[in-house]
Amino acid sequence: MTEMTDGVLHTLFRTEQGGHEQVVLCQDRASGLKAVIAIHSTALGPALGGTRFHAYASDEEAVLDALNLSRGMSYKNALAGLDLGGGKAVIIGDPDVLKSEELLLAYGRFVESLGGRYVTACDVGTYVADMDVVARETRWATGRSPENGGAGDSSVLTAFGVFQGMRASAQHLWGDPTLRGRKVAVAGVGKVGHHLVEHLLEDGAEVVITDVREESVQRILDKHPGKVTAVADTEALIRLEGLDIYAPCALGGALNDDTLSVLTAKVVCGAANNQLAHPGVEKDLADRGILYAPDYVVNAGGVIQVADELQGFDFDRCKAKATKIFDTTLEIFARAKADGIPPAAAADRIAEQRMADARAAKAAKGSSPAVDPS
């Protein structure tokens, strides 16, 4: 057995992170497409999750990423209150080199072949225009442009949901769901982060920002002269005195052993996916008295938006659903306190219970005696 097969099968079948229902390997030699579609769970409904286009170091890394990301989508969709399961796809390769109309159309045909078990959307390396192309070959592509019946950019509601998570964190910790007068540090002010800054300023927060792209920082400083402060990098940001909330809104793994040792914030609540660098970080945060709002809970506004496309997009309906992230976050904090566990573990338990209840309901329905039509 090759090292790749052994690693993938171990994750798929023999670890707690496994339990996937289906993994599809896709290849179209004519276009150069190599892709992995991972369906973790359809207990709540079709598996929804984006397509990541990335130049992975190895095929094994790509498959494992699809497995981990799809599992995360099951939990995110469950806690967002969606009747959708979790799935994720990765296209292997450098999108700047490999992406083409032919490749995206070939990928759309693979998505269509699953008959609606998997619904795709945008992720790292794929954009609204790409989903428009994919949708020419499948009914099961969301995140399309408004001109093609979609919702367009989902960053607006993603930021709104993170803001609701921050409000819930403030309510839980300080007894008031406002950020007025609170010092909030935002790491990453790109697609989602710059919308989050707008919400924070409107609510009266003191905002400090950083980003590896100088133009992203300057855009905000020019728009809000004298109202926003910028620092050189994340290392400086997390060490700021008097910091109330830290919002990682860029890459994953932002919370690790090194950052925890110097982080001054009382709350972590941001848009980045997979913020915990390794298992155990959530306990370390709790032990340090830092309240962590689980990333896949508070950043669910985007998936709420693309899911709404399946019934004909309505922004007001989506925003109403994203507003409930406030209540869900408070529920998680209450469960964590009652069970004596970190919020991340409490969120997992709530999501797992919802999926288990759905599976039990399906099993009960399937085992019910047949009704005599006469």
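These lines cover the structure that appears in this document, whether it is placed above or below.

Criteria and thresholds
- Residues numbered from 1 in each chain as written.
- Predicted model: local features only at pLDDT ≥ 70, side-chain atom pairs only at ≥ 80, totals over all residues.
- Heavy atoms only, no water.
- Helix = DSSP H or I, 4+ residues; strand = E, 2+ residues; numbered from the N terminus.
- Buried < 20%, exposed > 50% of the residue type's maximum accessible area, 1.4 Å probe, protein only.
- Salt bridge = Lys/Arg side-chain N within 4 Å of Asp/Glu carboxyl O.
- Pairing = 2+ DSSP bridges.
- Contact = heavy atoms within 4.5 Å.
- Axes fitted to C-alpha atoms, helices over the stretch in contact; angles between N-to-C directions.
- Phe/Tyr/Trp six-rings, centres within 6.5 Å; stacked < 30°, edge-to-face > 60°.
- Lys NZ or Arg CZ within 6 Å of the ring centre and 35° of its normal.
- Parallel < 35°, antiparallel > 145°, perpendicular 65-115°, else oblique.
- Core = buried A, V, L, I, M, F, W, Y, C linked by side-chain atoms within 4.5 Å.
- Expected span 1.5 Å × (residues − 1).

## Examining unusual backbone geometry
Link 1 in the chain: Phi is positive for N274, close to 50°, though the residue is something other than glycine.
Link 2 in the chain: For N274, the position within the fold is in the loop between β11 (267-268) and α11 (281-287).
Link 3 in the chain: By relative accessible area, which is 48% here, N274 ends up partly exposed.

## Some points on the pattern of salt bridges
Pairing between side chains of opposite charge can happen when the charged atoms of each approach one another.
Link 1 in the chain: For the structure on display, the rule yields 21 salt bridges.
Link 2 in the chain: In this structure, K34 and D59 form a salt bridge, with 3.4 Å as the shortest nitrogen-oxygen distance. Here the residue K34 occupies a position in strand β2 (residues 33-41), and D59 occupies one in helix α2 (residues 59-79), the gap between them amounting to 25 residues.
Link 3 in the chain: D59 sits in the partly exposed class, given a relative accessible area of 33%.
Link 4 in the chain: When the shortest N-O distance is used, the salt bridge between K223 and E198 registers 3.3 Å. Of the two residues, K223 sits in helix α8 (residues 214-223) while E198 sits in helix α7 (residues 193-202), which places them 25 residues apart along the sequence.
Link 5 in the chain: Several salt bridges share partner residues, and in doing so they unite R52, D65, K88 and D123 into one network.

## A word on the pairing of strand β1 (residues 22-28)
Link 1 in the chain: For β1 and β2, the ladder comprises 7 bridges, and the chain directions are antiparallel. From the neighbouring strand, Q22 faces β2, where its bridge partner is I39.
Link 2 in the chain: Linkage of β1 to β2, two consecutive antiparallel strands, is achieved through a turn of 4 residues, within which G32 is found at a positive phi near 85°.

## Focus: the sheet that holds β11
Link 1 in the chain: Read across the open sheet, the 6 strands follow the order β9-β8-β7-β10-β11-β12; overall the sheet is parallel. One side of each edge strand has no neighbouring strand; the edge strands of this open sheet are β9 (228-230) and β12 (291-292).
Link 2 in the chain: α7 contacts β7 (183-187), β8 (206-210), β9 and β10 (245-248) of the sheet and is inclined by roughly 170° relative to β7.

## What about α7?
Link 1 in the chain: Buried residues dominate α7, accounting for 8 of its 10 residues.
Link 2 in the chain: Listing the buried residues of α7 in full gives G193, H194, L196, V197, E198, H199, L200 and L201.
Link 3 in the chain: Of the surrounding elements, those touching the buried residues of α7 are α6 (155-174), β7, β8, α8, β9 and β10.
Link 4 in the chain: Of the residues trailing α7, G204 is marked for its positive phi of about 90°.

## Considering the packing of aromatic side chains
Link 1 in the chain: Summed over the entire model, instances satisfying the criterion amount to 1 aromatic pair.
Link 2 in the chain: Over the ring of W174 we find R182; its NZ or CZ atom is 3.9 Å from the centre of that ring.

## Thoughts on the packing of helix α14 (residues 315-323) against helix α15 (residues 325-339)
Link 1 in the chain: Contact geometry of α14 with α15 gives a least axis separation of 5 Å together with a crossing angle of 15°. The orientation of α14 with respect to α15, classified from their angle, is roughly parallel. For the pair formed by α14 and α15, the contact residues are K321, A322 and T323 on the first element and I325, F326 and D327 on the second.

## A word on the nonpolar core
Link 1 in the chain: By size, the foremost hydrophobic cluster in this structure holds 30 residues, and its most contacted members are M166, V186, L196, V197, L200, V207 and I209.
Link 2 in the chain: For this core, the secondary structure elements donating two or more residues are α6, β7, α7, β8, α8 and β10.
Link 3 in the chain: The contacts of V186, once residues within four sequence positions are left out, are G193, L196, V197, L200, V207, V208, I209, T210, L237, A247 and C249.
Link 4 in the chain: In terms of nonpolar packing, the next biggest core, distinct from the first, is built from 22 residues, C26, I37, I91 and Y118 among them.

## Structural notes on helix α4 (residues 101-113)
Along an α-helix, residues three or four positions apart point the same way, because every turn accommodates 3.6 residues.
Link 1 in the chain: With 13 residues, α4 should cover 18 Å at 1.5 Å per step; its first-to-last C-alpha distance of 19 Å lies within 8% of that length.
Link 2 in the chain: For α4, the full list of buried residues reads L103, L104, L105, A106, Y107, G108 and V111.
Link 3 in the chain: Positive phi shows up at G115, right after α4, with a value of about 65°.

Interpretation note: all reported values are geometric properties and have no functional meaning in isolation.
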